[in-house]
Amino acid sequence: MKTVAQIIVAGGRGQRAGGNIPKQYQNIDNISIVYKTLSKLLKVFESENKSHFSLLGPQIVVYAKGDDEFLSGAIESHVVQRVVGGSSRTASVRAGLDALRNTPPDYVMIHDAARPFVSTDTLTAVLRALDSHQGAVPTLPIADAVKTFDKNILGDDVERATLRRVQTPQAFRYRDILEAYDALPTDLALSDDVAVARRAGLHLTCVEGDPENFKITYPSDFEKARAYVRETSMGNETTLYTATGLGYDVHRYTDGDGIWLCGVKIPAPYTLLGHSDADAGLHALTDAIFGALADGDIGDHFPPTDAKWKGASSDQFLKFAVEKVSARGGSLKHVDVTLICEKPKVKPHRNAMREKIAELTGLPLSRVSVKATTTERLGFTGREEGLAAQAVATLVLPE
Ligand code: MG
C-alpha cells in the first residue's frame, strides 16, 4: 500500500477573478471553493482504491501569510495542516514539500485550490501512473487553431498536435520531487511542478486530463462553476451524519516530577503511571474519536504490549485518530474534555490545554472545551489515588 500526501496550493491572490477576498475562499452555492477541492481530493482514498493508497497525515494547504481568517472561514473544521507559502507558486510548493520531510509519504499530489471539479478518475490515473513513472500529469489536447501573437498581430500557425494544456493534480514520487526542488535555486520561480521535475530530469508521463477540471480564474468561471454544481449535484449528493463518541481513561499517581495532561506538562511532586506518557486527557479524547468512527479503541491501534509506544507522546495518538477522520472523508466538529481530579489545579493550565488540542486537531479554539471537576473527596480520585478523564468528540461523516 502506498501512502499519499496532498499539497493544495491556495497562496494566490486570484486578482483576475474579482471579489473582495481571494477566489479560493469564495463560495459556490454556500460552500467555499477550497473546501470543495479538499473534499473532492479525499475521494480517491475511497472504494476500490482503498487497498492501494492511503492518505498519510493531513492534507497540506499552502496559503498566503495574512489569510488565516479567510482560510479558517472557508474550510470550517475540515482537518488540514496549514503551511504559509512564499512569494511564488514554486516557493509555496517548496514549503509544502518541506512540511513532509519528517514523515515522508511514498507519493505526493500537488493540486490547485481553484480546481474543485477534479474527478476521482483523474486522481486515480495520476497516482497509478506513479507505479511506473516518477511523475504524472493530466493534459488535454487543444481543439482550436493556434497561432503566434505579438502586439495584436497574428503570426504563424503553431502545430497544435505538438501542444498540450496542462492541469493539476501533478503527482510525483515524494523523494524525487523533493530532490528536484532541493536542487532548484531558491530564487527561481517556474510555472508548475512539471517544470521543476523536468529540470531535474525526472521520468514523467501524461494521463488524460478532463475539461471539467477547469481552474476558476475569471469572474465568468464562477457562473460556469455554479451551473456545473447544479447539473452534477442532482441525485448524487453525499448524505452526511453526525457521530458522537465518548472516551474515558484513568491513570494512577506515583512519585515523579510532573504530569502530562491534555498535551501540557504540569510540574508537580508526582506523576501518572502508564506505558506511554500517561496523558489521560488526550487518551480519553483519542478514544472518543475512535468511538465516533466506530473503529476500536486506543489499545487496538497502539497496543501497550508494543515496546515502541513506551514513553510515547500521546500527541501522536490523537493526530492518528484525527487523520482517520480525514481519511474517512469526515470532519471533526467539536471536542469536550472533562478532567476529574483533586490535583493538580487544572484552571491555570486550561487555556494552554485548549490551545494544544486545537493545534493537534486543527479545530478553532471556539470548538475545544476543557473542563475540570473534583469528586468531593469521594472515590479513588477523591482519595488522590488517580486521575480520570472523560471526553466527547462530535464528527460529521459521509454515509
Ligand atoms: Mg491511558
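Coordinates for the structure precede this section.
Everything numeric in this text was worked out from a predicted model, so none of it was measured. (Residues numbered from 1 in each chain as written. Predicted model: local features only at pLDDT ≥ 70, side-chain atom pairs only at ≥ 80, totals over all residues. Heavy atoms only, no water.)

Asks: Would you mind showing me how to read the coordination of the magnesium ion here?
Replies: Ideal geometry at a metal gives 109.5 degrees between four tetrahedral donors and either 90 or 180 degrees between six octahedral ones. Here the magnesium ion is held by D249 (OD), H251 (NE2) and H283 (ND1), and the distances to it run 2.2 Å. In primary sequence terms, the donor set of the magnesium ion follows D-x1-H-x31-H. Under the relative-accessibility criterion, D249 is labelled buried at 17%. (Donors = N, O, S within 2.8 Å, 3.2 Å for Na, K, Ca; no water. Buried < 20%, exposed > 50% of the residue type's maximum accessible area, 1.4 Å probe, protein only.)

Asks: I keep staring at the sheet that holds strand β14 (residues 240–255) and nothing clicks. Help me out?
Replies: Strand order in the open sheet formed by five strands is β17-β14-β20-β18-β19, and the pairing between neighbours is mixed. The sheet is open, and its two borders are formed by β17 (270–272) and β19 (368–373), each paired with just one other strand. The mean angle between the axes of side-by-side strands here comes to 20°, regardless of whether they run parallel or antiparallel. The strands that helix α8 (residues 280–293) touches are β14, β18 (331–340) and β20 (386–398); relative to β20, the one it contacts most, it runs at about 30°. Against the sheet, helix α11 (residues 350–361) makes contact with β18 and β19, and its axis sits at roughly 140° relative to β19, the strand it touches most. (Pairing = 2+ DSSP bridges. Helix = DSSP H or I, 4+ residues; strand = E, 2+ residues; numbered from the N terminus. Axes fitted to C-alpha atoms, helices over the stretch in contact; angles between N-to-C directions. Contact = heavy atoms within 4.5 Å.)

Asks: What should I look at first to understand unusual backbone geometry in this one?
Replies: Phi is mostly negative for residues that are not glycine, and the peptide bonds are mostly trans. The amide bond that connects T168 to the next residue, P169, takes the cis arrangement and shows omega of 10°. When you line up the elements, P169 lands in the loop between β11 (165–166) and β12 (170–173). Following K343, the chain continues to P344 via a peptide bond in cis, the omega torsion being 0°. Structurally, the position occupied by P344 is in the loop between β18 and α11. For A278, which is not glycine, the phi dihedral falls at a positive 60°. Secondary-structure assignment places A278 in the loop between β17 and α8. Looking at A278, the relative accessible area reads 0%, which means it is buried. Phi at A294 is positive, roughly 50°, even though this residue is not glycine. Structurally, the position occupied by A294 is in the loop between α8 and α9 (298–301).

Asks: I'm lost on the nonpolar core in this one. Help?
Replies: Counting 49 residues, the largest nonpolar core has I289, L332, V335, L339, M353, I357 and L387 as the members making the most contacts within it. Of all the elements, α8 adds the most residues to this core, at nine residues. Setting aside residues no more than four positions away along its own chain, M353 makes contact with L261, C262, V264, I266, L339, V346 and V370. Counting 30 residues, the second largest nonpolar core, distinct from the first, contains L38, V61, V118 and V126. (Core = buried A, V, L, I, M, F, W, Y, C linked by side-chain atoms within 4.5 Å.)

Asks: Would you take a moment to explain the pairing of strand β1 (residues 2–10) for this structure?
Replies: Each regular strand carries side chains that alternate between the two faces of the sheet. Of all nine residues making up β1, eight are buried, and the element is well covered by its neighbours. With four bridges joining them, β1 and strand β5 (residues 59–63) adopt parallel strand pairing. Counted as the bridge partner of I8 is V61 from β5.

Asks: Just to check I follow, could you spell out the pattern of salt bridges for this structure?
Replies: Under the defined criterion, the tally for this structure stands at 17 salt bridges. K151 is the partner of D150 in a salt bridge, and the nearest nitrogen-oxygen pair spans 4.0 Å. The exposure class assigned to K151 is exposed, which follows from its relative accessible area of 72%. A salt bridge links K371 to D336; the shortest N-O distance between them is 2.9 Å. Of the two residues, K371 sits in strand β19 while D336 sits in strand β18, which places them 35 residues apart along the sequence. (Salt bridge = Lys/Arg side-chain N within 4 Å of Asp/Glu carboxyl O.)

Remember, this is a structural readout, not a statement about activity or role.
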